[in-house]
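Each chain, written out:
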Amino acid sequence: MKKDSEHSKVVKKSELNKNILQTSRRKFITRTALAAGAVTIIPRHVLGKGFTAPSDKVNLGFIGLGKQCRGLAKNFIKNDAEIIACSDVWTSKNKWFVEHVAKSHLEIKKATRKNTVTSYLNYNELLDDSKIDAVVIASPDHWHAMHVMDSLKANKDVYCEKPLSHNIKEGRNMVKAVERSGRVLQVGSMQRSWDSFRKACELVRNGYLGEIKRVEVNVGDPAKAYDLMEEAMPSEVNWNNWCGPAPLLKYNHRLAPSSNDVKFWPDWRLFEETGGGILSDWGAHMFDIVQWALGMDHTGPVKLVPPADPTAVRGLKLYYDNGIEVEHKDFGRGWGVRFFGTEGQMDISRGYFETTPASLLNTDYTSLNVKLIRSENHYSNWLDAIKNGGTPICDVETGHRSASICHLSNIAYKLNRSLNWNPEKEKFSKDAEANKLRSRKERKFSMV
């Protein structure tokens, strides 16, 4: 009993000291923030459990203000983030975005914004703003790595649109940079936060289709070399800064329109200099679902076999080390994924979720042995990870691996020969030419 009594005293003393330290820490952080005039977020995991931070809003800056930002801005406003800055090399898009945020705020919050959005032509000036907690990167693919790396160096958390990278080595460098920085990075593969895609992957993981033998992925064509005709340069853009680390291309409005009100998605996605083809643009979504369903988020295929016809833009086969074959194939239902198992088949996309037998859709998902991470909102999932600590549903390693499959596929189509890939070392076996294509020589330029 005496020992128990002494133990109780020790515990009480320990708890008292802990409470004193926590109170002191909270007072110190709060006083420091107030003294500095700071309005940035102080994460709850820093202040301690159950403590409400001085600001529960995450202050965001947007880098790259193309069409994708129309929906992104609205989604982050809906999730109570505060957009306070933006940056693009187009004066017209900076102006558009500032107006778009104001209109969206009025539409969603039913109130006029108290503060306007500060716009910058040079994103480095945005990153210098200490009031910004995190950045949303929606620039063309060829800019992702530089924008991500510089944002991490500036101690910002990052939401980066998919595909995460423009080449394999860029992706691995980003993984290392996130690990060094301790910041939170979410990749915009938002299908991981869709109920239907999660359920589809859970059916596969729990063996409801039996043993998976083959998968078909229907997405668009691989990347091609830039081939658009030169047009007059608009006065609203600094074209050197738009091209950035990519080659200095001839301007064409299809590549980069001056307005976001055009009815097409800009064609920078199609070309190897600035994107990865629709194979990469949509493959980053659909191959991502294959990776998730097969439990391959931290690895990838080991062999790639292109079609016999060197001009073909479908027919590439990828093999995992467990023998599963994944084919880039048009199965006639739009962009989606088709799984073939020994006991069933499943088609999943944004427009359909069907199984054979159909009864699999009635599965009791609450009783599954393997339950995948549940996120009902891709944007709040990232914001919550910033505020409370933790890993978002599509973290940097996951996004890197899914993007890598797209890069590997483009390399295989380009070289038109079978390739052996080591996903652990991220190298091709005995193929110097293929290994050279894991990265690219960046153009030397200066932001002006």
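Note on numbering: residues in each chain are counted from 1, in written sequence order. Reporting of local features is limited, given that this is a predicted model, to residues whose pLDDT is at least 70; pairs of side-chain atoms are given and counted only at 80 or more, and all residues count toward the totals for whole chains, interfaces and linings. Note that water and hydrogens are dropped before the side-chain values are worked out from all heavy atoms of the structure.

**Student:** Explanation requested: the pattern of salt bridges in the structure shown.
**Tutor:** Side-chain pairs of opposite charge can arise whenever the charged atoms involved come near each other. The salt bridge definition used is simple: a Lys or Arg side-chain nitrogen within 4 Å of an Asp or Glu carboxyl oxygen. Considering all chains together, one arrives at 32 salt bridges under this definition. Lys131 is the salt-bridge partner of Asp129, the closest N and O atoms lying 3.2 Å from each other. Using a relative accessible area of 12% as the deciding quantity, one classes Asp129 as buried. Its relative accessible area of 41% is what places Lys131 among the partly exposed residues. Burial classification: accessible surface area is computed with a 1.4 Å probe over protein chains only, and a residue below 20% of its type maximum counts as buried, one above 50% as exposed, and the rest as partly exposed.

**Student:** Before we go on, may I ask you to explain the sheet that holds strand β12 (residues 345-348) in this structure?
**Tutor:** The pairing of strands in a sheet happens through backbone hydrogen bonds and is either parallel or antiparallel. Strand pairing requires that DSSP identify at least two bridges connecting the strands. Here a strand is any run of E in DSSP of at least two residues, a helix any run of H or I of at least four, and the numbering for each starts at the N terminus. Across the sheet, nine strands lie side by side as β13-β12-β11-β7-β10-β9-β8-β14-β15; this open sheet has mixed pairing. Two strands in the sheet have a free side with no partner beyond their single neighbour: β13 (353-356) and β15 (427-428). Here a residue-residue contact requires only that any non-hydrogen atoms of the pair lie within 4.5 Å. Each axis is a line fitted through C-alpha atoms, and for a helix only the stretch in contact is used; angles between axes span 0 to 180 degrees, taken between their N-to-C directions. The strands touched by helix α8 (residues 195-205) are β7 (212-218), β11 (336-341), β12 and β13; relative to β12, the strand with the most contacts, the crossing angle is about 160°.

**Student:** Would you take a moment to explain the sheet that holds strand β6 (residues 185-187) for this structure?
**Tutor:** Taken in spatial order, the six strands line up as β3-β2-β1-β4-β5-β6 in an open sheet, and their pairing is parallel. Edge positions in the sheet fall to β3 (118-120) and β6, since each has one partner strand and no second. On average, adjacent strands in this sheet sit at an angle of 20° to one another, irrespective of strand direction. Along the sheet face, helix α12 (residues 378-388) touches β1 (59-63), β4 (134-137), β5 (157-160) and β6 and points at about 165° away from the line of β5.

**Student:** What is the right way to read the pairing of β1 from this model?
**Tutor:** Most of β1 sits inside the fold, with five of its five residues counted as buried. Here β1 shows no split at all, with Asn59, Gly61 and Ile63 on one side and Leu60 and Phe62 on the other all buried. By the bridge criterion, four bridges tie β1 to β4 in an arrangement that is parallel. Across the sheet, residue Phe62 finds its bridge partner in β4, namely Val136.

**Student:** I keep staring at the nonpolar core and nothing clicks. Help me out?
**Tutor:** Within soluble globular proteins, side chains that are nonpolar generally end up buried alongside one another. Remark: nonpolar core denotes a set of buried residues (Ala, Val, Leu, Ile, Met, Phe, Trp, Tyr, Cys) joined through side-chain atoms within 4.5 Å. With 48 residues, the main nonpolar core has Val215, Val217, Phe287, Val326 and Phe339 as its most contacted residues. Where this core is concerned, the elements lending two or more residues are α8, β7, α11 (283-294), β11, β12, α13 (396-415) and β14 (419-422). When sequence neighbours within four positions are dropped, the list of residues in contact with Phe339 reads Val204, Leu209, Ile212, Arg214, Val215, Ile289, Val290, Ala293, Gly344, Gln345, Met346 and Ile348. Counting 27 residues, the second-largest nonpolar core is a separate cluster that includes Phe62, Phe76, Val117 and Val184.

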